[in-house]
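Structural description and commentary
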Amino acid sequence: MMRNFTHTIIIAAVLSTAALLSFQSCSGKGDVSGPELGGIRDSLPTLRSLGVSTLISDSGVIRYKMIAEEWYIYDKKDPTYWSFDKGLFIERFNESYQVDAYISCDTAYYYDQKRLWELRGRVLVKNMKGETFKTSLLFWDQAAHRIYSDRYMEIDGETRKLAGYKFSSNEQMTDYIIHSSKGVFPFQDNHPTPQPDSLLVVPNDTIEA
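Since the model is a prediction, treat every value here as computed from it, not as a measurement. Every chain is numbered independently, its residues counted from 1 as its sequence is written. Thresholds applied to this predicted model are a pLDDT of at least 70 for local features of residues and 80 or more for the giving and counting of side-chain atom pairs; totals over whole chains, interfaces and linings are not thresholded and use all residues. Calculation of side-chain values draws on the structure's entire complement of heavy atoms; hydrogens and water are dropped beforehand.

1. A short note on the overall build of the protein
Definition in use: For helices the rule is a DSSP run of H or I covering at least 4 residues; for strands it is a run of E covering at least 2, with both sets numbered from the N terminus onward. Note on exposure labels: buried denotes an accessible area under 20% of the residue type's maximum, exposed denotes more than 50%, and partly exposed covers the range between, all computed with a 1.4 Å probe on protein chains only. By definition, residues are in contact when any of their heavy atoms lie within 4.5 Å. All accessible areas in this document rest on Shrake-Rupley with a 1.4 Å probe, and a residue is counted as covered only by the protein chains that are shown.
Scanning the protein from N- to C-terminus turns up two helices and 14 strands. For the protein, the residues scored as buried account for 38% of the 209 residues in total. Counted over contacts in the protein with a minimum sequence separation of 6, partners at least 24 positions apart contribute 42%. Only carbon and sulfur atoms are counted for the fraction: they give 50% of the accessible area of the protein, which is about 12100 Å².

In structure tokens:
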């Protein structure tokens, strides 16, 4: 899923190029020296796009939608990066045009040279298995094909709930490990009628998906 979302954003960057506006500094002073002006320009975004809402097709079929209130590109800074300061939302559609996966966060940064995503704030991810992941910080290292976080993480699935720290996963977020965790699993006893409110709480140092 996450790899598909990378493809989404790259395509969206190409499709949105026409909407990107050069962000140039303005000054009423005519005596600003070259180095000072250069320093100001280096600290400003080179490109910006406001009110981004893009549908992206794959093989002629609409499969993704990306929404961002602000999208800035800083290619003069070290390191260079993209910034989605007011949030980023991407959803994936299945063959029936229903949403089967999505990513949402308050703030996102993409360090293009490192191929590293940093999602911050209220980070919410739903994978194609229907599991949801909630945390305040999530890194996605495309070069290492790894997603990880040392912050508190909650995982909500159909058959179990997990919570803990030191989360590590594959790019699809289907094969993951969470440390210092506590799992909540439904269980059935020998009663003829299942007890839906009965839960088994299992503490564990490490739980794997």
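On we go from here.
2. A closer look at the nonpolar core
Keep this limit in mind: In this description, a nonpolar core means a group of buried Ala, Val, Leu, Ile, Met, Phe, Trp, Tyr and Cys residues linked to one another through side-chain atoms lying within 4.5 Å.
Formed by 28 residues in total, the largest nonpolar core has its most connected members in Leu-88 and Phe-167. Once residues lying within four places of it in the same chain are set aside, the contact partners of Phe-167 are Phe-133, Leu-138, Ile-147, Tyr-148, Ser-149, Met-153, Ile-155, Met-173, Tyr-176, Ile-177 and Ile-178.

3. A short note on the packing of aromatic side chains
Convention followed: Stacked, edge-to-face and tilted labels apply to pairs of Phe, Tyr and Trp rings (six-membered ring for Trp) whose centres lie within 6.5 Å, assigned for plane angles under 30 degrees, over 60, and everything in between, in that order. By definition here, charges over rings are those cases where NZ of Lys or CZ of Arg is within 6 Å of the ring centre and within 35 degrees of the ring normal.
Under the counting rule described, the total for this entry stands at 14 aromatic pairs. Geometrically, the ring pair formed by Tyr-81 and Tyr-109 is edge-to-face, given 6.1 Å between the ring centres and 75° between the ring planes. One end of the pair, Tyr-81, is in strand β4 (residues 81-84); the other, Tyr-109, is in strand β7 (residues 107-111), with 28 residues separating them in the sequence. Judged by its relative accessible area of 22%, Tyr-109 is partly exposed. An aromatic cluster is present here, built from Trp-71, Trp-82, Phe-84, Tyr-110 and Trp-117 joined pairwise through their rings. In this structure, Lys-77 is placed above the aromatic ring of Tyr-74, and the distance from its NZ or CZ to the ring centre is 5.0 Å.

4. Quick notes on a nonpolar patch on the surface
Basically, it comes down to this: Patch rule: a residue counts if its relative accessible area is over 30% and it has no salt bridge; like charges are joined within 9 Å, and nonpolar side chains (Val, Leu, Ile, Met, Phe, Trp, Tyr) within 5 Å. For this analysis, a salt bridge means a side-chain nitrogen from Lys or Arg found within 4 Å of a carboxyl oxygen belonging to Asp or Glu.
Together, Leu-55, Val-61, Ile-62 and Tyr-97 give the surface a local cluster of nonpolar side chains, amounting to about 360 Å² of exposed area. The residue Tyr-97 is located in the loop between β5 (88-93) and β6 (99-105) in this model.

5. A few points about the environment of Tyr-176
Put simply, the rule reads: Nitrogen and oxygen atoms within 3.5 Å of one another constitute a polar contact, given that in protein one can donate a hydrogen and the other can accept it, and given that sequence-neighbouring residues count only through two side-chain atoms.
Of note, Tyr-176 is situated in strand β13 (residues 176-186). Expressed as a C-alpha distance, the spacing of Tyr-176 and Tyr-148, which sit 28 residues apart in the sequence, is 9.2 Å. In terms of polar contacts, Tyr-176 uses its side chain to reach the side chain of Glu-131, at 2.9 Å.

6. Topic: the pattern of salt bridges
Close approach of charged atoms lets side chains of opposite charge pair. One pass over the structure, following the stated rule, counts five salt bridges. The residue Asp-106 makes a salt bridge to Arg-122 at a minimum N-O spacing of 3.1 Å. Residue Asp-106 is found in the loop between β6 and β7, and its partner Arg-122 is found in strand β8 (residues 116-126); the two are separated by 16 residues along the sequence. Residue class for Asp-106 comes out partly exposed when judged on its relative accessible area of 27%. Close ionic contact of Arg-120 with Glu-118 constitutes a salt bridge, the shortest N to O distance being 2.3 Å. Exposure remark for Glu-118: the relative accessible area of 8% places this residue in the buried category.

7. Things to note about the pairing of strand β12 (residues 161-169)
On any regular strand, side chains alternate: one points to one face of the sheet, the next to the other face. Rules: Any two strands with at least two DSSP bridges between them are considered paired.
The pairing of strand β10 (residues 146-149) with β12 spans three bridges and is classified as antiparallel. If you follow Ser-149 over to β12, its bridge partner there is Phe-167. Count of turn residues in the strand β11 (residues 153-156)/β12 antiparallel hairpin: four residues.

8. A closer look at the environment of Arg-120
Residue placement: Arg-120 occurs in strand β8. Given a relative accessible area of 32%, Arg-120 falls into the partly exposed group. Taking C-alpha positions, Arg-120 is 6.7 Å from Leu-138, a pair spaced 18 residues apart along the chain. Discounting residues that sit within four places of it in the chain, Arg-120 has contacts with Cys-105, Asp-106, Thr-107, Tyr-109, Ser-136, Leu-137 and Arg-151. Engagement of the side chain of Arg-120 in a polar contact is seen with the side chain of Glu-118, the distance being 2.3 Å.

These values are about where atoms sit, not about what they do.
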